[in-house]
Amino acid sequence: FVISSSLLLVVAYGTGCALTNADFELLYVPSNATCRIAGQELQFAGIADARPETGRIGVKKNGYGVDTASYYLAETPEGLPGWTKRAFVDELTSGGFEVGEGSLLKDGVPQVSLTLQQFFVEPKMGTWLVEVHALVLLEITVTLADGRQFARIFKGYYQESGMLVMDGQVKEALLRAA
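This text gives an overview of the structure that appears in the document. Sequence order sets the numbering: in each chain, residues are counted from 1 along the sequence as written. Totals for whole chains, interfaces and linings use every residue, but because this is a predicted model, local features are given only for residues with pLDDT of at least 70 and side-chain atom pairs only at 80 or more, for both listing and counting. For side-chain calculations, the full set of non-hydrogen atoms in the structure is used, while hydrogens and water are omitted.

## Description of the overall build of the protein chain
Here's step 1: The secondary structure listing takes helices from DSSP runs of H or I that are at least 4 residues long and strands from runs of E that are at least 2 residues long, numbered from the N terminus. Looking only at helices and strands, the protein chain has three helices and eight strands in total.
Here's step 2: Beginning at the N terminus, the succession of helices and strands in the protein chain can be written as α-β-β-β-β-α-β-β-β-β-α.
Here's step 3: A buried classification covers 33% of the 178 residues belonging to the protein chain.
Here's step 4: By sequence separation, contacts in the protein chain at least 24 residues apart represent 69% of the contacts at least 6 residues apart. Here the term buried applies to any residue with accessible area under 20% of the maximum for its type, exposed to any over 50%, and partly exposed to those in between, with areas from a 1.4 Å probe on protein chains only. Between two residues, a contact is recorded if the distance between any of their heavy atoms is within 4.5 Å.

Structure (structure tokens):
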């Protein structure tokens, strides 16, 4: 009985990480903007979250590649769309833009809206290594005062390999892709 209990504890301890959900708190680190545009005004119209599963930001897998648990964003009032908006507006502001908010077009002021299409991290099991793939897709739409629209999808991708993947490495991969 003692041996089987000990074995059960070792197995549970050794695989517990892959079998339990994890929450991440993403900390935004501003970039060092080298180009500044003085006095250009923009209007931020909002952000839409078009991800299929808005709560989950990643998946954990066991050694056989089977989904065993999920990664979630830690509970915050702003959620992932709010985090993305804050990072986007901060980057524009540090680049010299004056960013206002509103959904109605102002005279001569371009309007920017975001659509978060993907924000996900997933391990891929190999024979000897585990690869962590993080993908961020963000569509940015600019509407000019005359009604013309321009849209572009920006893709952030990061991959890391290792013998063993810890939660901290997964979080870092997501932040590097963002």
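## Details of the environment of Glu-91
Here's step 1: Within the element layout of this structure, Glu-91 appears in helix α2 (residues 79–94).
Here's step 2: Classification of Glu-91 as partly exposed rests on a relative accessible area of 27%.
Here's step 3: In the structure, Glu-91 is positioned 59 residues away from Asn-32 in sequence and 8.9 Å away in space, judged by C-alpha atoms.
Here's step 4: Excluding residues within four positions of it along the chain, Glu-91 makes contact with Tyr-28, Pro-30 and Ser-31.

## Re helix α3 (residues 167–177)
Here's step 1: For α3, the complete set of buried residues consists of Val-170, Ala-173, Leu-174 and Ala-177. Relative to the axis of α3, the buried residues are bounded by an arc of 100° and lie together on one face. Seen from the buried face of α3, the exposed residues on the opposite side, beyond 90 degrees, are Gly-168 and Arg-176.
Here's step 2: Buried residues along α3 sit in contact with β1 (22–24), β3 (56–61), β4 (67–73), β6 (111–125), β7 (130–143) and β8 (149–162). The directions considered for the arc run from the helix axis to the C-beta atoms.

## Re the environment of Met-166
Here's step 1: In this fold, Met-166 is placed in the loop between β8 and α3.
Here's step 2: It is 9.5 Å that separates the C-alpha atoms of Met-166 and Ala-18, two residues lying 148 residues apart in sequence.

## Structural notes on the pattern of salt bridges
Here's step 1: In what follows, salt bridge is the name for a side-chain nitrogen of Lys or Arg lying within 4 Å of a carboxyl oxygen of Asp or Glu. The tally for this structure, following the rule as stated, stands at six salt bridges.
Here's step 2: Residue Asp-49 is joined to Arg-51 by a salt bridge in which the shortest nitrogen-to-oxygen separation is 2.8 Å.
Here's step 3: Looking at Arg-51, the relative accessible area reads 7%, which means it is buried.
Here's step 4: Between Lys-85 and Glu-101 there is a salt bridge whose closest N-O contact spans 2.8 Å. Of the two residues, Lys-85 is situated in helix α2 and Glu-101 in strand β5 (residues 98–101); the sequence distance between them amounts to 16 residues.
Here's step 5: The exposure class of Lys-85 is partly exposed, given its relative accessible area of 24%.

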